[in-house]
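# A structural walkthrough
Below are the chains, spelled out letter by letter.
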Amino acid sequence: MDNNQNRVGANGQYELFGRRRSKIPDAERVQTLYDKLYHKAKQDKNFKFYVLYDKMSIPYMLREAWKTVKSNCGGPGVDNMTIQDVESIGVDNYLTELGEDLRKQTYQPRPVKRVMIPKDNGGERPIGIPTVRDRIAQTVCKMIIEPIFEADFSESSYGFRSDRESADAIGAIKSHLKEKHTEVFDADLSKFFDTIPHDKLMQTLRMRIADPRLLKLIMKWLKAPVSEKGQLTGGKKNNLGTPQGGVISPLLANIYMNLIDWHVEKPDRVFSEYGIKIVRYADDFVLMGRTIPKHVIDYLRSLLARMGLTLNEQKTRKINARQQPFDFLGFTVRFSRDLFVEGRKYWEIFPSEKSQKKIRTNIKEYLKKHGHADTTTLVMELNSRLRGWLNYFSAPGTYSKVARKKLRYYLSKLLYIYYKRKSQRRSRLFRQDPFAELVKQQYGLIDPTKYSCKTSCEGL
């Protein structure tokens, strides 16, 4: 490196690219570390990283991790410490104390608070909420190991990766269908996050990481007990699972599931023999080929069994996409008849009925619970829900016009009922068309049929 770029300043401070380190923004320093780790891992597929743990206590890493945790606005863990509580006692002191615990290896994660959230089918899904302190530490760890494994991840993996999203996965599916890979094995793993074997996951991590201190830290998070209604379960005797809701859990899941991508794409495997492709978003994936013989599916099942994973047989199926539609990531993929050209068919991708029902239920529940909300708050909350849904389903190559019209009609009907109930309090919007009034510039309610997500779709 040129001496003018890398030197010691007059006051003894190390300078990088003509700047003192203290003058370099934290985000830039984190990105520089990310790039170095990524390029080293990319250049040498067999390289193992022996010295990583020392970066866990670097102040600028902790500061950037704190910014990420704060921006996510998560709830408190078992210690009831909120983001606001950390700010009130002093962020710098809080991070310094955490950094010292990490440096001295005296850091111990707290139990993970488990809460249940409703599922669309009427069941419940467990979500683990680590403490703010543990979320910061996990974020630092993620910042260190993510570039290493990102260098190994397949192009067919789209979930929880930077610059990749569900729209890209849907685009890949459409591309494969056009290439006549129309036989689809729609796989659904049973309780994936709860059944990942710790020993096999750690073996996967050791393929790249040889720092025992960092591996020990990750194992501590995997072994952290779960607190539910005041009762502790799991702990050191627990050998399975990584809690949904943990900062590092999606990355660990991708690292483990990358084994599936590797087997499907490896030239000497049975999948490659039949030209089978995979499109994966975290634990959801589909295999696509011109044909997918039974022995290929049997091989997949045996591979998953060796990994300690199982398919949910009730939701897993093999279909011919030309004859049957299938759902993936909230979209329905269907080979539809062209209404204007006789005998012509085309691949149509649109919001699934389940996804449409979910946004309708979301809006209905909000209006039901906030009958006294003022108009400004009401519009803001509805727009927040509508914008997220519309942005997601406005992916290039997808068709949402019919779903938007249905949503507009439902919203109009629900708002009429909502303000009719307020009529006893002489609501100004009663006896008018509330939806038509609220979409006016004065209030700015989103009209689903006219919404355009230019910012979200830019560059896709």
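Let me begin by describing the structure that accompanies this report. (Residues numbered from 1 in each chain as written. Predicted model: local features only at pLDDT ≥ 70, side-chain atom pairs only at ≥ 80, totals over all residues. Heavy atoms only, no water.)

## Regarding the overall build of the chain
- When its secondary structure is counted, the chain shows 17 helices and 14 strands.
- Seen through its principal axes, the chain has C-alpha atoms that stretch 75 × 60 × 55 Å.
- Looking at the chain as a whole, 46% of its 460 residues are labelled buried.
- Here the analysis covers contacts within the chain between residues at least 6 apart in sequence; of these, 67% occur between residues at least 24 apart.
- For the chain, the accessible surface area stands at approximately 24800 Å², while carbon and sulfur atoms represent 49% of it.
- Taking the 82 positively charged and 53 negatively charged side chains of the chain as two groups, their mean positions are separated by 4 Å. (Helix = DSSP H or I, 4+ residues; strand = E, 2+ residues; numbered from the N terminus. Buried < 20%, exposed > 50% of the residue type's maximum accessible area, 1.4 Å probe, protein only. Contact = heavy atoms within 4.5 Å. Areas by Shrake-Rupley, 256 points an atom, 1.4 Å probe, with all protein chains shown as cover. Lys, Arg positive; Asp, Glu negative; His and termini not counted. Charge placed at Lys NZ, Arg CZ, Asp CG, Glu CD.)

## Brief notes about the packing of helix α1 (residues 26-43) against helix α2 (residues 59-72)
- The N-to-C vectors of α1 and α2 enclose an angle of 105°; their axes lie 9 Å apart at closest approach. In terms of axis orientation, α1 runs roughly perpendicular to α2. Contacts between α1 and α2 involve Asp-26, Ala-27, Arg-29, Val-30 and Leu-33 from the first element and Tyr-60, Met-61, Arg-63 and Glu-64 from the second.
- Tallied by class, residues from the contact of α1 with α2 come to five nonpolar, no polar and four charged. (Axes fitted to C-alpha atoms, helices over the stretch in contact; angles between N-to-C directions. Parallel < 35°, antiparallel > 145°, perpendicular 65-115°, else oblique. Nonpolar A, V, L, I, M, F, W, Y, C, P; charged D, E, K, R; others polar.)

## Some words on the sheet that holds strand β10 (residues 284-289)
- Strand order across the open sheet formed by four strands is β9-β10-β6-β11, with antiparallel pairing between neighbours. Of all strands in the sheet, those with a lone pairing partner are β9 (277-281) and β11 (317-320), marking the two edges. Strand-to-strand twist in this sheet, taken as the mean axis angle between neighbours without regard to direction, amounts to 20°.
- The sheet contact formed by strand β6 (residues 183-187) and β11 spans four bridges and is antiparallel. When the sheet's bridge partners are listed, Glu-183 is paired in β11 with Asn-320.
- In this fold helix α6 (residues 166-178) packs onto β9 and β10, with an angle of close to 160° to the strand it touches most, β9. (Pairing = 2+ DSSP bridges.)

## Structural notes on the packing of aromatic side chains
- This structure, assessed with the given rule, holds 11 aromatic pairs.
- Ring geometry for Phe-192 against Phe-193: centres 5.2 Å apart, planes inclined by 75°, an arrangement best described as edge-to-face. As far as the burial class goes, Phe-192 and Phe-193 line up, both buried.
- Measuring from centroid to centroid gives 4.4 Å for Phe-335 and Trp-347, while their planes differ by 40°, and the two rings are tilted. Highlighted residues: Phe-335 in strand β13 (residues 331-337) and Trp-347 in strand β14 (residues 345-351), separated in sequence by 12 residues.
- A relative accessible area of 16% means that Phe-335 is categorised as buried.
- An aromatic cluster is built from Phe-331, Trp-389, Tyr-392 and Phe-393, whose rings are joined through pairwise contacts.
- Over the face of the ring belonging to Phe-47 we find Lys-40, whose NZ or CZ atom lies 4.5 Å from the ring centre.
- In this structure, Arg-360 packs its charged tip against the face of Tyr-410, placed 6.0 Å from the ring centre. (Phe/Tyr/Trp six-rings, centres within 6.5 Å; stacked < 30°, edge-to-face > 60°. Lys NZ or Arg CZ within 6 Å of the ring centre and 35° of its normal.)

## Quick look at the pattern of salt bridges
- In the structure shown here, the tally under the stated rule is 26 salt bridges.
- Here Lys-142 makes a salt bridge to Glu-146, at a shortest N to O gap of 3.3 Å. One end of the pair is Lys-142 and the other is Glu-146, both in helix α5 (residues 132-150) and four residues apart, which spans about a single turn.
- Residue Lys-142 is classed as partly exposed on the basis of its relative accessible area, which comes to 24%.
- We note a salt bridge from Arg-164 to Glu-155, for which the minimum N-O separation is 2.4 Å.
- Here Arg-164 falls in the buried class, since its relative accessible area comes to 19%. (Salt bridge = Lys/Arg side-chain N within 4 Å of Asp/Glu carboxyl O.)

## Quick look at the nonpolar core
- Core analysis: the biggest nonpolar cluster contains 74 residues, and Met-56, Ile-136, Ile-145, Leu-214, Ile-218 and Leu-287 have the highest contact counts within it.
- With 10 residues, α5 is the single largest residue contributor to this core.
- Every residue in contact with Leu-287, bar those within four places of it in the chain, is listed here: Glu-183, Val-184, Phe-185, Val-264, Phe-271, Ile-276, Lys-277, Ile-278, Ile-292 and Leu-300.
- By size, the runner-up hydrophobic cluster in this structure holds 45 residues, among which are Met-288, Ala-373, Leu-407 and Ile-446. (Core = buried A, V, L, I, M, F, W, Y, C linked by side-chain atoms within 4.5 Å.)

## Thoughts on a positive patch on the surface
- The grouping of Lys-180, Arg-290, Arg-322, Arg-337 and Lys-345 at the surface amounts to a positive patch.
- With respect to the secondary-structure elements, Arg-322 resides in the loop between β11 and β12 (326-328).
- Overall, the relative accessible area of 38% leaves Arg-322 in the partly exposed class. (Patch = residues over 30% accessible without salt bridge, like charges linked within 9 Å, V, L, I, M, F, W, Y side chains within 5 Å.)

## Quick look at helix α8 (residues 198-206)
- Within α8, burial applies to His-198, Leu-201, Met-202, Thr-204 and Leu-205. Looking down the long axis of α8, one finds its buried residues gathered within 155° of arc, a one-sided arrangement.
- If you follow the buried residues of α8, they end up packed against α5, α9 (212-223) and α10 (249-265). (Arc of directions from axis to C-beta.)

## Comments concerning the side chain of Lys-174
- If you trace the backbone, Lys-174 turns up in helix α6.
- One buried charged residue, Lys-174, forms no salt bridge at all, with the nearest opposite charge on Glu-348 at 9.5 Å.
- Not counting chain neighbours up to four residues away, the residues in contact with Lys-174 comprise Trp-347, Ile-349 and Gly-397.

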